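Next come the chains, spelled out residue by residue.
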Amino acid sequence: MEKQDIKSLPLSVLEQELGKMGLARFRAGQVYRWLHQKRVSTFAEMTDLSAALRGQLDEKYYINAIQVKKKLVSRLDGTVKYLYELQDGNCVEAVLMHYHHGNSLCISSQVGCRMGCKFCASTLAGYVRDLTPSEMLDEVYTAQRDSGSRVDGVVLMGIGEPLDNFDNVMDFLEILSSPQGLNLSLRHVSLSTCGLVERIYELAQRRLQLTLSISLHAPNDEIRSQSMPINRKYDMESLLAACRDYFAVTGRRISFEYALISGVNDSPACARQLAERLRGMGAHVNLIPVNEVRETGYRRGSRAQIQAFQRLLGQLGVNATIRRELGADISAACGQLRRQEAAAPKDN
């Protein structure tokens, strides 16, 4: 019998599973706290369970774990970039960022990505597989253990498209926010999507109170379709309609990510089109100087050009900030470290 990943089970599911074994409901709570509060790596460590029960659990389940394969620490701002190795040998990345208000961890949700956004290093090698809830949780738990500090906020903006791994991400969020687990409020969680419209509607109905970030990166369909293939399936009109619905249902303001690419989407005309698109939404635009990945050929404009774009948006009534760049000396942008590791010669 193939063992199940017990750390990926929300408490309600674990209660049902252990109930099938004839166990009282409180046993699930005990096991759950060992997994998500004390974060044990073996059933033998669950010392308030009988040896017989620990043996039963070990026969049916396994406890997932990931390893830090590489760790880079920025000399500029202390940002830490982790390359994690999963149990099957695949690698993903996470970035621990330090702010005055606390520590934020940007995590991956898939190994690779199938979305094909041309400015993103994460998608260059294609999609491999989804991450399980336990693997996403272990990105957080491992960063906390390694750094010795609590993760106060989580950003699903690393490798992968979170809404393309919808069910696993929803289970991850349920466990992450559980009072019997890390107990992290979803108001301290941001989820970034390139725009899977049906999933945005579905997410809205869950009313999770997280912050939704839309990777927009263009003011019109022509430009967006050139760099983001998803726009050919869901154009900007349908995407923004889903965003308006999300705001109406949840009351949560949406953040729009906009990577400024020199000569592509950074002109005054683009700023005016963008402002017109977002008017009346109470939106916040996060301007991102594009990461200069060799394979894409995209380049960023000067600091003055980026600031001028920001000022014009403000004059047009759209709140916009320029994202603070952290870990510039350690390839902190998502996908870069994983690609470097994959391209490195392997020992025989």
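What you see is a predicted model, and the numbers here were worked out from it, not measured in a lab.

*Asks:* Is there a simple way to explain the packing of helix α6 (residues 197–206) against helix α8 (residues 236–250) in this structure?
*Replies:* Helix packing for two helices is described by the angle between their axes and how far apart those axes are. Two elements in contact, α6 and α8, have axes separated by 9 Å at closest approach and are oriented at 5°. Taken together, the axes of α6 and α8 lie roughly parallel to each other. Contact residues: Val-197, Ile-200, Tyr-201, Leu-203, Ala-204 and Gln-205 in α6; Ser-238, Leu-239, Ala-241, Ala-242, Asp-245, Tyr-246, Val-249 and Thr-250 in α8.

*Asks:* So what exactly am I meant to see when it comes to the sheet that holds strand β10 (residues 189–193) here?
*Replies:* To summarise the sheet geometry, strands pair through backbone hydrogen bonds and adopt either a parallel or an antiparallel arrangement. Read across the open sheet, the ten strands follow the order β3-β4-β5-β6-β9-β10-β11-β12-β13-β14; overall the sheet is mixed. Bordering the open sheet on either side are β3 (67–73) and β14 (319–322), each of which pairs with just one other strand. Neighbour-to-neighbour, the strand axes of the sheet open up by a mean angle of 20°, direction not taken into account. Two strands pair when backbone bridges link them, and strand β13 (residues 284–289) and β14 are joined in this way by four bridges, in the parallel orientation. Bridging across to β14, Val-285 finds its partner in Ala-320. Most of the contacts of helix α10 (residues 303–315) go to β14, to which it runs at about 165°, and overall it touches β12 (255–260), β13 and β14.

*Asks:* I'm lost on the packing of aromatic side chains in this one. Help?
*Replies:* Inspection of every chain in the model, using the stated rule, returns two aromatic pairs. For Lys-38, the ring lying beneath its charged end belongs to Trp-34, and the centroid distance is 4.0 Å. Here the basic side chain of Arg-114 rests over the ring of Tyr-127, its NZ or CZ set 3.9 Å away from the ring centre.

*Asks:* So what exactly am I meant to see when it comes to the pattern of salt bridges here?
*Replies:* Should the charged atoms of two oppositely charged side chains come close, the side chains can pair. Applying the stated rule across the entire model yields twelve salt bridges. Of the charged contacts in the structure, one is a salt bridge between Arg-25 and Glu-15, with a shortest N-O distance of 3.2 Å. With Arg-25 in helix α2 (residues 25–36) and Glu-15 in helix α1 (residues 11–20), this pair connects stretches of sequence that are ten residues apart. With a relative accessible area of 21%, Glu-15 lands in the partly exposed category. Residues Glu-93 and Lys-81 are paired through a salt bridge, measuring 2.8 Å at the closest nitrogen-oxygen approach. One end of the pair, Glu-93, is in strand β5 (residues 91–99); the other, Lys-81, is in strand β4 (residues 80–85), with twelve residues separating them in the sequence. Among the residues examined, Lys-81 registers a relative accessible area of 0% and is labelled buried. Linked through salt bridges whose partners overlap, the residues forming this network are Glu-17, Lys-20 and Lys-60.

Reading the values: rules and limits
Residues numbered from 1 in each chain as written. Predicted model: local features only at pLDDT ≥ 70, side-chain atom pairs only at ≥ 80, totals over all residues. Heavy atoms only, no water. Axes fitted to C-alpha atoms, helices over the stretch in contact; angles between N-to-C directions. Helix = DSSP H or I, 4+ residues; strand = E, 2+ residues; numbered from the N terminus. Parallel < 35°, antiparallel > 145°, perpendicular 65-115°, else oblique. Contact = heavy atoms within 4.5 Å. Pairing = 2+ DSSP bridges. Phe/Tyr/Trp six-rings, centres within 6.5 Å; stacked < 30°, edge-to-face > 60°. Lys NZ or Arg CZ within 6 Å of the ring centre and 35° of its normal. Salt bridge = Lys/Arg side-chain N within 4 Å of Asp/Glu carboxyl O. Buried < 20%, exposed > 50% of the residue type's maximum accessible area, 1.4 Å probe, protein only.

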